[in-house]
Amino acid sequence: MGKFDVGLIKKFGRVCGYYDTGPILLVSDPEMLKDIMVKDFSVFANRRDFDLNGPIMDLSVSVLRDQHWKHVRNVLVPAFSSGKMRQMEHLITDCCETMVAHLDKVVKDGEDLDVKEYFKRITMDVISSTFFGTKTDTQSNPNSPFVKNALKIFDISIFNPAFLVVFLAPRFAPFAKKMKMQLTPRRPLEHIVLVMKEILEMRKSSGQVRRDFLQMMVKAMDQNDSTKRPAKDYEEDGPDVLSDALSVGPSSQPQANHQEHRINRALTPDEVMAQSVVFLLAGFETTANTLTFMTYLLSIHPEIQERLRKEIQQVIGRDVQPTYDLIAQIPYLDQCINETLRLYPPATRAERECSEDWTWKNLTIEKGTTIGIPIYGLHHDPEFWPEPDCYNPDRFSEENKHKIIPFTFLPFGQGPRNCVGMRFAIYEIKMVMVSILLKYRIVSSPRTVTPVLKDWGLVTPKDPLWVKLEEFS
Ligand code: HEM
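Residues numbered from 1 in each chain as written. Predicted model: local features only at pLDDT ≥ 70, side-chain atom pairs only at ≥ 80, totals over all residues. Heavy atoms only, no water.

- The protein chain has the name Cytochrome P450 in an unreviewed UniProt entry, where Ramazzottius varieornatus is given as its organism.
- Quoted verbatim from the Cofactor (unreviewed entry) heading of the UniProt record, the comment on the protein chain is "heme". (UniProt positions renumbered as here; feature names shortened; annotations may be inferred.)

Next up, the structure:
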């Protein structure tokens, strides 16, 4: 899909269109994107909904609309504050220590490492621990039912008919709905929901407290008990704000100006369930793929890897534990992560739905038009990024970053509907990469090849991606 967008932009320009379920306008004009994603956000608050989510996922923040979406998002945002991240530090540190113990064995045995598979296990462990409150240790126990079912949810393959409909023939989405197809495979989803319900019940009945996302949502549910109202009642609750923190992107870009007012309602148990599952869906493979591509890029650019290691060592000396605050002090680490996300943005496209006729310059966009935001296309546009296929973290250096045109770097989207898990994802990527680079040198092995991309809206390497790790003294 990313390469498809690159082709469309090259052939038809920065604003071009085609039809699938309805009119799709592909916009890669940065000025226009700023107006769509931030300035006139109220016109473009929602994404297109294929109505193939199924009963649980219908309540997830990623598909909710208008006031209901704003409400759930407002409840979730504080969970991603820096204070809350710090509280979870020990959970992530634990996962990184387990990872290093496993890697020690791989290195001792002289084996190559398929990072595509390996990082999925790490991110599964981190998400299970920080979101679901369960310690999975996927590295030693890849066959636990929780892990197997969670992995099945991600099996975005030609064997899932709903995905075929969405990607190949979206205009048949209404028919797929009649056939009761859903995007997330039903059985694995039911298993995960069952496990979630058990954990929630146990937490509530035992009063067990754990500093994770689930605990924050359980707290939100408890507050709800005294104020129970069906979710739809809150759609009339009037205007509301999203905190400024919502629209902080990796590059400094304009923020939406929202009125300060909050809806006073916590989440229902079904809403909690839906958010937990969407965190798993949205946070697992995106983060694993970024780690995979970054490891590969560092293996074929040893000079960049050495510079990065040196800068890490200057901040985190021997026998010092990486922490949330320490990893924030390594600018070159941010540069390397940003440049990985530019070259291989996990999400190829974002979308917005136009809710009323809207005019930009002399172009009128009709209500109901879907705006496609070609993240991959923008990141590979030679006009915005000279030599777009080169890995050059210095594009994001202090001296150079002013040259980046706002709204041409959108790995996490932008505006009030950007990625709610962005800070968490960056935190996790940093902790894992720092733990690896402090102990091992990443080198290419005879099996390392340039990854061929599989891109169904989520960019992943098609085949295993092999590297070798060497311990240095
Ligand atoms: C490298 C990792 C990640 C990348 C590149 C990424 C990218 C994105 C993108 C492009 C969007 C759409 C934004 C837009 O429409 O403007 C998005 C939305 C979202 N992401 Fe992420 N994401 C990542 C990790 C995570 C994690 C770890 C979580 C959960 C903890 C998460 C949860 C979500 C949710 C819930 C949404 C929907 C937000 C809403 O509609 O309000 N993501 N992400």
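### Section: the nonpolar core
At step 1: The biggest cluster of nonpolar side chains holds 119 residues, and the ones touching the most others in it are Phe80, Phe119, Leu298, Leu308 and Trp358.
At step 2: Per-element accounting of this core gives the leading share, 14 residues, to helix α13 (residues 269-300).
At step 3: Residues within four places of Leu308 in sequence aside, it is in contact with Met294, Leu298, Tyr332, Leu333, Cys336 and Leu437. (Core = buried A, V, L, I, M, F, W, Y, C linked by side-chain atoms within 4.5 Å. Buried < 20%, exposed > 50% of the residue type's maximum accessible area, 1.4 Å probe, protein only. Helix = DSSP H or I, 4+ residues; strand = E, 2+ residues; numbered from the N terminus. Contact = heavy atoms within 4.5 Å.)

### Let's talk about the confidence of the model for the protein chain
At step 1: On average, residues of the protein chain score 81 in pLDDT, and 76% of them reach the 70 mark or higher.
At step 2: Low confidence marks residues 225-263, where pLDDT is under 50. Its contacts with residues over four positions away, or in another chain, come to 84 contacts. (pLDDT = per-residue confidence, 0-100.)

### Observations concerning the UniProt feature "binding site: heme" (unreviewed entry) in the protein chain
At step 1: Here, the residues flagged by UniProt with the feature "binding site: heme" (unreviewed entry) are Cys419.
At step 2: Note on Cys419: relative accessible area 32%, which makes it partly exposed.
At step 3: Look past the residues within four positions of Cys419 in its chain and what remains in contact with it is Arg73 and Phe412.

### Observations concerning the site of the ligand
At step 1: With respect to spatial proximity, 29 residues lie near the ligand, and among them Arg47, Trp69, Arg73, Arg352 and Cys419 are the closest.
At step 2: Arg417 places a side-chain nitrogen or oxygen 2.9 Å from an oxygen atom of the ligand.
At step 3: Of all the secondary structure elements, the ones that give two or more residues to the shell around the ligand are α4 (66-76), α13, β4 (350-353) and α18 (422-437).
At step 4: Per-element accounting of the shell around the ligand gives the leading share, six residues, to α13. (Near = heavy atom within 4 Å. Polar contact = N/O pair within 3.5 Å; in protein donor to acceptor, adjacent residues only side chain to side chain.)

### Examining the coordination of the iron atom of the ligand
At step 1: The protein supplies the iron atom of the ligand with one donor atom, Cys419 (SG), which lies at 2.3 Å.
At step 2: Mapped onto the fold, Cys419 is located in the loop between α17 (375-379) and α18. (Donors = N, O, S within 2.8 Å, 3.2 Å for Na, K, Ca; no water.)

### As for the packing of α4 against α13
At step 1: The interhelical angle for the contact between α4 and α13, taken along N-to-C directions, is 70 degrees, at an axis separation of 12 Å. Here α4 is positioned roughly perpendicular relative to α13, judged by the angle of their axes. Taking contact as the criterion, the partners of His68, Val72 and Leu76 in α4 are, on α13, Glu271, Gln275 and Phe279.
At step 2: Split by residue class, the contact of α4 with α13 holds three nonpolar, two polar and one charged. (Axes fitted to C-alpha atoms, helices over the stretch in contact; angles between N-to-C directions. Parallel < 35°, antiparallel > 145°, perpendicular 65-115°, else oblique. Nonpolar A, V, L, I, M, F, W, Y, C, P; charged D, E, K, R; others polar.)

### Some thoughts on the sheet that holds strand β11 (residues 466-471)
At step 1: Pairing is antiparallel across the open sheet formed by three strands, whose spatial order is β3-β11-β8. Looking along the sheet, the strands with just one partner apiece sit at the ends: β3 (113-114) and β8 (440-443).
At step 2: Seen against the sheet, α13 touches β8 and β11 and runs at an angle of roughly 85 degrees to β8. (Pairing = 2+ DSSP bridges.)

### Details of the pairing of β11
At step 1: Taken together, the two bridges between β3 and β11 define a ladder with antiparallel strand orientation. Each bridged residue has a counterpart across the sheet, and for Asp114 the counterpart in β11 is Trp466.
At step 2: Here β8 pairs with β11 via four bridges, running antiparallel. Bridge assignment links Arg441 to a residue of β11, and that residue is Glu470.

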